[in-house]
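This is what each chain is made of:
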Amino acid sequence: MRQFITVCPRDCYDTCSLLVRVNDAGRVVSVRGDPDHPTTRGLTCPRAAADHLRLYANRVVAPAIRVLDKAPAGAREASDPSAGFATESWDEALDLVARRLRETIDTHGPEAVLYLSYSGNTGLLTLEVPQRLWYALGATQTDGALCSKSGSLGLTMHYGARYGLRPEQLADAGLIVFWGFNASVSSMHLWALARQARRDRGTPIVVVDARRSETADSADLWIQPRPGSDVALAYGLIHQLFEMGAADLPFLNRWALGVDALRAEASRWTRPRVEQVAGVTQRQLTRLAEAYSSHSPSATMIGIGLQKCNGGADQVRAVSFIPTVLGEHRGFYYSNGDSCSIDHGLLSGQSLAEKSSSVVSQVALAELLNDGRFKFVYICGMNPAATLTNAGTFASSLRRRDTFVVVHETHWTATTALADVVLPAPSYLEKEDLVVPWSHNHLQVSPQVVAPVGDSRGELWAMRELARRLGLTSSWLYDDPWEAVRVALTGALEPDCWESLRSGQRQRLRDRPPDVYPTPSGKIEFDSGLARQMGAEPLPVQRTLQEPESGWFTLLSSATRKYTHTQFQEVHGAIPAVVQIHPADASRLGLSQGDETVLLNDVGQAVVSVSISEAVPEGVLWSPRQWSGQNSLMSSLPQETGGGPRFNSTRVQVIPRRQVNT
Ligand SMILES: Nc1nc2c(c(=O)[nH]1)N[C@H]1C(S)=C(S)[C@@H](COP(=O)(O)OP(=O)(O)OC[C@H]3O[C@@H](n4cnc5c(=O)[nH]c(N)nc54)[C@H](O)[C@@H]3O)O[C@H]1N2
Ligand SMILES: Nc1nc2c(c(=O)[nH]1)N[C@H]1C(S)=C(S)[C@@H](COP(=O)(O)OP(=O)(O)OC[C@H]3O[C@@H](n4cnc5c(=O)[nH]c(N)nc54)[C@H](O)[C@@H]3O)O[C@H]1N2
Ligand SMILES: [Mo]
């Protein structure tokens, strides 16, 4: 038995260090948290703990070329994503892919080629360096806005960069607030650090969530705004803090611009108005203001879930002002992806390419594909047929006969079912990589732990084989990838630690200081010059909320413990298609526990079963994300700021099944 230390590369707050045991036959037998990691401290989530099983379940083991037509939507064959393919050699498959790529470029130009990748494996050698081929060709890229981009841009408008506090600061916090952030599920390691602060120092934990989430359930104080009303709540709170004399005026005078404008806007949010718009009682608002004013410093942990709605960027902008008004430099956490300087343009090839590439909206992609402008689509590390907005239209556009679809995947998925060629990819346990964390700043190389399963081959290798077949000669397509990583990390690491990082030592990334604000003025800009330049409101704005309408509901969807998006269904079974509904709503609709109903809106429809629960307020549904068919309800209209999705503003009608049947 051998043991390896590696890093989970999934799109997650925690980026855990993992201990992997491999038996003498070369099979992984267990994956556990690494107790020596300063942030993740040996705790294992139910996903990593099942990675030794997922590694061998439902894998794509050889290149596969489609021989039967793609099954139409809803057909029985569509439920077996490996049906309709014949196994081929890599040479055969890559020759075909290269030929179709060349034909598309010659006939329609490189912009008719779409490269689509996302969050399956965020390692630099898996996600970024293989992009070089697509930048070299001038293929169309997406803006990657499906997850956190709207909130990131929102923070950049006021602070010049989005980075905030580090997880270790939770130990010294006087108050920890999880705002639109279901951390006990989506970030169990940050949650564990918060709980430890509560145990060690009595630090209160506040949760601001539109429903009684698992995290809200364990909070000392739970504040429940209506979905999408957090700008109102944040302004109301800021108004209270100014009124109570809790705002740090010397700090604001020294570090911020637009304080008067902020104060004037906040003063419009009186307690009765906040109650009317956000549904937060005056008593609850006072309790929240007292929690913030009497415990310092506060750590405001802003969830990615907070910004997936109409006006989502503004929700993040407004909430981030709270710790700032209290005199804290970057007293929020959202994502620390830009807390150190890494040359992503060099890694991906974007800054090396001679041709410029056009960039399209990821959220609006279904419609763009549907109009037939892309003739060749290459998908890697993403399962968009289940996770993208308007997934029904997306899937039908991949069925177009004039669109050739290649998917490089570890597993058979809803998206491979729509491919013309499927290429088998090794998972993170089968290749070397380097993963840059979202929250903490501990960096370590992940070694190859076992041989690739079946005939799977890495993204970088496939990229180069295609480049060679297309006759591309730029040397940066064939560079030593670790040398590219070394150069890209020059500003992010202490000068002499590269060698020890490469040899497996853990190193810390060099943080940018919290009191540096790369805005045009070099200060915190409440009244944002960048927002003005972009045609957005200089201060965040509360959007008008939809009036309650009989039979219509707001559908929230968020992360669950056992799955990373659509991953781990191979091990834990299918994500249940269920919605929570308030007992009063269920009784109005004549629904009982477990009843089947249809959710319907102008984007699509889906069948779900009902779970009656007081965890959701009246008029709101909650559903685990992303069971098969869920995203056929999700609008592909991007947010105005940052182009993010509006998942949590989805409106649906609930139609009892028997009404549909009759
Ligand atoms: N309804 C709803 N939909 C949502 C959201 C929501 O809140 N509600 N949230 C959105 C968010 S935040 C996100 S981040 C997206 C996530 O969207 P996706 O990135 O599509 O998420 P996954 O389902 O994890 O798909 C990743 C795929 O990569 C594959 N993979 C894993 N490792 C590797 C590897 O090493 N190489 C290759 N080639 N493939 C690999 C996995 O098998 C998996 O099929 O979903 C979005 N969709
Ligand atoms: N187990 C697990 N962990 C994960 C992932 C996973 O798939 N599984 N995915 C990872 C990824 S890619 C992401 S993006 C993160 C997402 O993790 P989070 O940032 O925690 O986001 P969500 O899971 O969407 O849930 C956020 C909470 O916001 C609440 N909410 C929704 N709208 C509003 C609103 O308008 N106001 C307020 N105050 N609350 C609101 C929801 O009820 C929900 O409880 O998790 C990461 N971690
Ligand atoms: Mo995400």
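Our structure's up above, just so we're on the same page.
Here the residue index of a chain counts from 1 through its sequence in written order. All chains are assigned letters beginning with A, and all ligands numbers beginning with 1, in the order in which they are written. pLDDT decides what is reported in this predicted model: residues at 70 or higher carry local features, side-chain atom pairs at 80 or more are listed and counted, and totals for whole chains, interfaces and linings draw on all residues regardless. Values shown for side chains rest on all heavy atoms present in the structure; no hydrogens or waters enter the calculation.

Engineer: Requested: an account of the sheet that holds strand 9 (residues 205-208), with residues and values cited.
Structural biologist: In this scheme, strands are said to pair when DSSP sees at least two bridges between them. Numbering of helices and strands runs from the N terminus, with a helix taken as a DSSP run of H or I at least four residues long and a strand as a DSSP run of E at least two residues long. The five strands lie next to each other as 10-9-8-12-13, forming an open sheet whose pairing is parallel. Of all the strands in the sheet, just strand 10 (221-223) and strand 13 (332-333) have a single pairing partner and so form its edges. Of the strand pairs in this sheet, strand 12 (residues 298-302) and strand 13 are connected by two bridges, and their pairing is parallel. Bridged to Met-301 within strand 13 is Tyr-333. It only takes one pair of heavy atoms within 4.5 Å for two residues to be counted as in contact. In this analysis an axis means a line fitted to C-alpha atoms, helices contributing only their contacting stretch, and an angle means the value between N-to-C directions, from 0 to 180 degrees. Where helix 13 (residues 282-294) meets the sheet, its contacts fall on strand 8 (175-179), strand 9, strand 10 and strand 12, and the angle it forms with strand 10 comes to roughly 125 degrees. Running at roughly 170 degrees to strand 12, helix 14 (residues 312-325) makes contact with strand 8, strand 12 and strand 13 of the sheet.

Engineer: Tell me about the side chain of Ser-558, and name the residues and values.
Structural biologist: Looking at where Ser-558 falls in the secondary structure, it is placed in strand 23 (residues 552-558). Categorising residues by exposure relies on relative accessible area from a 1.4 Å probe, with only protein chains included: less than 20% of the type maximum marks a residue as buried, more than 50% marks it as exposed, and the intermediate range marks it as partly exposed. With relative accessibility at 18%, the residue Ser-558 sits in the buried group. Two N or O atoms form a polar contact when they lie within 3.5 Å of each other; inside protein one atom must be a possible hydrogen donor and the other a possible acceptor, and for residues adjacent in sequence the pair counts only when both atoms belong to side chains. Within polar-contact distance, the side chain of Ser-558 engages the side chain of Arg-211 at 3.3 Å. Polar contacts involving the side chain of Ser-558 include one to the side chain of Trp-622, which spans 2.8 Å. For Ser-558, the contacting residues outside a window of four places in its chain are Arg-211, Trp-622, Ser-623, Pro-624 and Arg-625.

Engineer: Got a sec to walk through the site of ligand 2? Specific residues and values, please.
Structural biologist: Surrounding ligand 2, one finds 36 residues, the nearest of these being Tyr-13, Ser-186, Asp-209, Asp-230 and Tyr-563. Residue Arg-47 places a side-chain N or O atom 3.4 Å away from a nitrogen atom belonging to ligand 2. Working definition of accessibility: Shrake-Rupley area with a 1.4 Å probe, residue cover restricted to the visible protein chains. Surface burial for ligand 2 is 99%, taken as the share of its 920 Å² of free accessible area covered by protein chains. Residue assignment for the shell around ligand 2 shows that the elements contributing at least two residues are helix 6 (183-186) and strand 23. In this count, Pro and Cys sit with the nonpolar residues alongside Ala, Val, Leu, Ile, Met, Phe, Trp and Tyr, while Asp, Glu, Lys and Arg are called charged and the others, Gly among them, polar. Its residues assigned to classes, the shell around ligand 2 shows 16 nonpolar, 13 polar and seven charged. Any residue with a heavy atom positioned within 4 Å of a molecule or strand is treated as near that molecule or strand.

Engineer: Explain the environment of Pro-35 to me, using residue names and the numbers behind them.
Structural biologist: Topologically, Pro-35 is positioned in the loop between strand 3 (28-33) and helix 1 (51-54). Along the primary structure Pro-35 and Met-1 are separated by 34 residues, whereas in three dimensions their C-alpha atoms are 19 Å apart. In this structure Pro-35 touches Leu-19, Arg-41 and Gly-42, once residues within four positions along its chain are discounted.

Engineer: Describe in detail unusual backbone geometry, supporting the description with residues and values.
Structural biologist: Looking along the chain, the bond that leaves Ser-296 and enters Pro-297 is cis, with omega of -5 degrees. In this structure, Pro-297 sits in the loop between helix 13 and strand 12. A cis amide bond links Arg-625 with the next residue in sequence, Gln-626, at an omega value of -20 degrees. Along the chain, the position of Gln-626 falls in the loop between strand 27 (620-624) and strand 28 (650-656). Of note in the backbone geometry, His-565 takes a positive phi value of approximately 50 degrees without being a glycine. Looking at the secondary structure, you find His-565 in the loop between strand 23 and helix 23 (569-572). You will see that Phe-568, though not glycine, has its phi angle at about 85 degrees, which is positive. Its place among the elements puts Phe-568 in the loop between strand 23 and helix 23. Residue classification places Phe-568 among the buried residues on the basis of a relative accessible area of 0%.

Engineer: An account of the sheet that holds strand 1 (residues 2-7) is needed here, citing residue identities and associated values.
Structural biologist: The strand order 1-2-3 describes an open sheet built from three strands, whose pairing is antiparallel. Two strands close off the open sheet at either side, each with one partner strand: strand 1 and strand 3. Neighbour-to-neighbour, the strand axes of the sheet open up by a mean angle of 25 degrees, direction not taken into account. Where strand 1 meets strand 2 (residues 17-22), six bridges bridge the pair, whose relative direction is antiparallel. Along strand 2, the bridge assignment pairs Phe-4 with Val-20.

Engineer: So, the environment of Ala-93: which residues are in play, and what are the values?
Structural biologist: Mapped onto the elements, Ala-93 comes out in helix 2 (residues 90-108). Using a relative accessible area of 0% as the deciding quantity, one classes Ala-93 as buried. Sequence spacing of Ala-93 and Thr-40 is 53 residues, and the spatial spacing of their C-alpha atoms is 41 Å. Not counting residues within four places of it along the chain, the set of residues in contact with Ala-93 comprises Pro-63, Ile-65, Val-421 and Leu-423.

Engineer: Quick one: what's the story with empty space enclosed by the protein, residue by residue and with numbers?
Structural biologist: Gaps left between atoms show up when a probe the size of a water molecule is rolled over them. Cavities and pockets are defined on a 1 Å grid built over the protein atoms alone: a cavity is a set of grid points where a 1.4 Å probe fits but cannot escape, while a pocket is an open set with protein on both sides within 12 Å along at least five of seven lines, and lining residues are those with an atom within 4 Å of any such point. Grid points are joined across faces, edges and corners, and a volume is the space filled by probe spheres set on the points. All chains considered together, the criterion is met by three cavities of 30 Å³ or more. Approximately 130 Å³ is the volume attributed to the largest cavity. Considering the residues around the largest cavity, the lining is formed by 14 residues, among which Cys-8, Cys-12, Cys-16, Cys-45 and Arg-47 are closest to the centre. Tallied by class, residues from the lining of the largest cavity come to six nonpolar, five polar and three charged. Counting residues domain by domain, the lining of the largest cavity receives three or more from each of domain 1 (2-54) and domain 3 (150-334). An automatic or database domain assignment provides the domain bounds reported here.

Engineer: With reference to specific residues and values, describe the pairing of strand 12.
Structural biologist: Within strand 12, five of the five residues are buried, leaving the element largely enclosed by the surrounding structure. Judged by which residues are buried, strand 12 turns out to be covered on both faces: Ser-298, Thr-300 and Ile-302 on one side and Ala-299 and Met-301 on the other are all buried. By convention, orient the strands away from the viewer: a clockwise path from the first strand over the helix to the second makes the crossover right-handed. Following the backbone out of strand 12, through helix 14 and into the adjacent parallel strand 13, one traces a crossover that is right-handed.

Engineer: How would you sum up the nonpolar core? Please name residues and give values.
Structural biologist: In terms of nonpolar packing, the biggest core is built from 122 residues, with Phe-178, Trp-179, Tyr-292, Met-301, Ile-322 and Phe-526 touching the most fellow members. It is helix 9 (residues 230-243) that provides the largest number of residues to this core, a total of nine residues. The contact partners of Ile-322, leaving out residues within four places of it in the chain, are Trp-179, Ala-234, Leu-237, Ile-238, Leu-241 and Tyr-292. Of all hydrophobic cores here, the second largest spans 55 residues; its members include Ala-93, Ala-136, Val-406 and Leu-423. Residues enter a nonpolar core if they are buried and are Ala, Val, Leu, Ile, Met, Phe, Trp, Tyr or Cys, with the set joined through side-chain atoms within 4.5 Å.

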